[in-house]
Amino acid sequence: MTDMQPLVRPAGPQPAGLREPAQPELKAGAFPAVRLRRNRMHAWSRRLVAEHVLTSADLIWPLFVAAGSNSRGAVASMPGVERLSVDLAVAAAQEAAALGIPAIALFPYTDPNLRTDDGREAFNPDNLVCRATRAIRRAGIEIGILLDVALDPYTSHGHDGLMSAGEIINDETLEALVRQALVQVEAGCDIIAPSDMMDGRVGAIRRALEAHGHRNVQIMAYAAKYASAFYGPFRDAVGSSATLTGDKRTYQMDPANTDEALREVALDIAEGADMVMVKPGMPYLDIVRRVKDRFGVPTFAYQVSGEYAMLTAAAQNGWLDGDKVMLESLLAFKRAGADGILTYFAMDAAKALRRA
């Protein structure tokens, strides 16, 4: 019998004032008195000692909305995901609420003829997401509605902000984002989610909400949004793949950076964000963990379109068990510290959890 070495938390260097209290050594014990497999022997005991639990209440379902009536269209690069007309989006919201999913996120597929350099369709109170929001509200469905604030579904160049001489201009874009946010709130959404990554946009939107009497509208900031290659299928779904000129690296974060993410999150919280988000998801679980540990605020992650497409394609080819990898991937977000996950798997996951 060999004694196991004590488990000691690594103590990395920390600035004065941020040091955690000294932690006692955790004695691991020794075999055979300690057999960790004992707690794994039965399904009931595995449930009893589970450290993290995934439920339908952890999920936000992104929905794509398109023009038309009683119509749906497949997104080729996202098998199983469809663009829904407003009436079908209402029915989908009702089904999600019945499964215990607390919120949906609506994204528009904008007619190319309505896309302009200044993205003015974003300010139209009768645009797709506003119509869908009002329709869901009229139906009396008890579900939260999250709407993105960014111009990319509405601009002819496919960028999240206004463009001048090839540059995405920050301060002028803030005015446009405020107009967009106010239109969306007046349509009835509950959560404003700035995804544009312009500097100062959370503060500008929060001030405008306060000034217009929308004091209780929540802001979920895309606080650490990376310039990722995992967004391709989403851009197909909203129609910006064909319009995007260049890339978004001058405003979305460098995938090489982690400390910068903490600065972004700190600023968004200071400016009035109620919740923060990390995007993408699984390749950035280290960021989720750091954010949750440092700030302790409601922290969300977006399991983005590329992640969904990879897992779904592998399952369709028989290379992976679809339900198992879906649930395992979502549990990983919870283990990393996420309070909730935006995922295209939301409906399938909620149904699978009911069967479990």
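Conventions and cut-offs
- Counting restarts for each chain: residues are numbered from 1 in the order of the written sequence.
- Selection of residues for local features in this predicted model requires a pLDDT of at least 70, selection of side-chain atom pairs for listing and counting requires 80 or more, and totals for whole chains, interfaces and linings are taken over all residues.
- For the side-chain quantities, the full set of heavy atoms in the structure was used; hydrogens and water were omitted.
- Only protein chains enter the accessibility calculation, which uses a 1.4 Å probe; a residue whose area is less than 20% of its type maximum is buried, one above 50% is exposed, and one in between is partly exposed.
- What counts as a helix is a DSSP run of H or I of at least four residues, what counts as a strand is a run of E of at least two, and both are numbered from the N terminus.
- Strand pairing follows a simple DSSP-based rule, namely that at least 2 bridges must link the two strands.
- By convention a crossover is right-handed if, when the strands point away from the viewer, the path from the first strand over the helix to the second runs clockwise.
- In this analysis, rings of Phe, Tyr and Trp, with Trp reduced to its six-membered ring, are considered paired at centre separations within 6.5 Å, and the interplanar angle assigns stacked below 30 degrees, edge-to-face beyond 60, and tilted for intermediate values.
- Whether a charge sits over a ring comes down to the Lys NZ or Arg CZ being within 6 Å of the ring centre and within 35 degrees of the ring normal.
- For every residue, the predictor reports its confidence as pLDDT, a number between 0 and 100.
- Contacts are residue-level and defined by heavy atoms, with any inter-residue pair within 4.5 Å sufficient.
- Any Lys or Arg side-chain nitrogen located within 4 Å of an Asp or Glu carboxyl oxygen qualifies as a salt bridge.
- Here a polar contact means two N or O atoms within 3.5 Å. Within protein one must be a hydrogen donor candidate and the other an acceptor candidate, and residues neighboring in sequence count only if both atoms are side-chain atoms.

Chemist: Looking at this structure, how should I read the pairing of strand β9 (residues 218–225)?
Modeler: Both faces of the sheet carry side chains from a regular strand, because those side chains alternate between them. Within β9, seven of the eight residues are buried, which leaves the element mostly enclosed by the surrounding structure. Pairing between strand β8 (residues 191–194) and β9: two bridges, direction parallel. Looking across to β9, one finds that I192 is bridged to I219. Where the polypeptide runs from β8 across helix α5 (residues 201–211) and back to β9, its parallel neighbour, the crossover connection is right-handed. One ladder, built from five bridges, connects β9 with strand β10 (residues 275–279); its direction is parallel. By the bridge assignment for β10, M220 is matched with M275.

Chemist: Honestly, the environment of A266 in this entry has me stumped. Any pointers?
Modeler: If you trace the backbone, A266 turns up in helix α7 (residues 259–270). When the C-alpha positions of A266 and D190 are compared, they lie 23 Å apart, and in sequence the two are 76 residues distant.

Chemist: What's the story with the environment of R37 in this structure? I'm lost.
Modeler: Within the fold, R37 resides in the segment before α1 (43–48). C-alpha separation for the pair R37 and M277, spaced 240 residues apart in sequence, amounts to 36 Å.

Chemist: Any chance you could explain the packing of aromatic side chains here in plain terms?
Modeler: The description of an aromatic ring pair uses the distance of the two centres, along with the angle that the planes make with each other. Taken as a whole and assessed by the stated rule, the structure comprises nine aromatic pairs. Here Y226 and Y284 contribute two aromatic rings whose centre-to-centre distance is 4.3 Å and whose plane-to-plane angle is 25 degrees, an arrangement assigned as stacked. Of this pair, Y226 sits in the loop between β9 and α6 (232–238) while Y284 sits in the loop between β10 and α8 (285–295), and the two are 58 residues apart along the sequence. Using a relative accessible area of 8% as the deciding quantity, one classes Y284 as buried. Ring centres 4.6 Å apart and planes at 50 degrees place the aromatic pair Y308 and F345 in the tilted group. Residue Y308 is located in helix α9 (residues 305–316), and its partner F345 is located in the loop between β12 (340–343) and α11 (346–355); the two are separated by 37 residues in the primary sequence. Given a relative accessible area of 5%, Y308 falls into the buried group. The exposure class assigned to F345 is buried, which follows from its relative accessible area of 6%. One aromatic cluster in this structure is built from F64, F107, Y222, F234, Y302, Y308, Y344 and F345. Directly above the aromatic system of F123 lies the positively charged group of R179, at a separation of 4.0 Å from the ring centroid. Cation over ring: K225 sits above Y231, and NZ or CZ is 5.9 Å from the ring centre.

Chemist: Is there a simple way to explain the pairing of strand β11 (residues 299–303) in this structure?
Modeler: Across the five residues of β11, five count as buried, placing the element largely inside the fold. Here β11 shows a buried face lined by T299, A301 and Q303 and a second buried face lined by F300 and Y302. Handedness of the crossover is the feature at issue here: the chain leaves β10, passes through α8, returns alongside β11, and the resulting connection is right-handed.

Chemist: Whenever I open this one, the confidence of the model for the protein confuses me. Can you help?
Modeler: Any residue range with low pLDDT should be treated as having predicted coordinates unsuitable for detailed reading. Mean pLDDT over the protein stands at 93; residues scoring 70 or higher make up 93%. Contacts for the low-pLDDT stretch residues 1–11, under 50 throughout, to residues beyond four places or in other chains number 14 contacts.

Chemist: Help me out: how do you make sense of the environment of K225 in this one?
Modeler: Mapped onto the elements, K225 comes out in strand β9. Looking at K225, the relative accessible area reads 5%, which means it is buried. In sequence terms K225 and E264 are 39 residues apart; their C-alpha atoms lie 9.4 Å from each other. Residues within four places of K225 in sequence aside, it is in contact with D160, S195, M197, Y231, Q252, M253 and K279.

Chemist: For this particular structure, what's the right way to read the pattern of salt bridges?
Modeler: Oppositely charged side chains can pair when the atoms bearing their charge come close. With the rule as written, the count across this model stands at 18 salt bridges. In this structure, D268 and R201 form a salt bridge, with 3.3 Å as the shortest nitrogen-oxygen distance. Pair noted here: D268 is in helix α7 and R201 is in helix α5, with a separation of 67 residues, a long-range link. For R201, a relative accessible area of 1% translates into the label buried. For D259, the salt bridge is made with R290, and the minimal N-O distance between the two is 2.9 Å. Of this pair, D259 sits in helix α7 while R290 sits in helix α8; the two residues are 31 residues apart in sequence, bridging distant segments of the chain.

Chemist: Quick question: what am I supposed to make of the side chain of S45 here?
Modeler: Mapped onto the fold, S45 is located in helix α1. By relative accessible area, S45 is classed as buried at 6%. In this structure the side chain of S45 is engaged in a polar contact, spanning 2.9 Å, whose partner is the backbone oxygen of N39. Apart from residues lying up to four places away in sequence, S45 is in contact with R38, N39 and R40.

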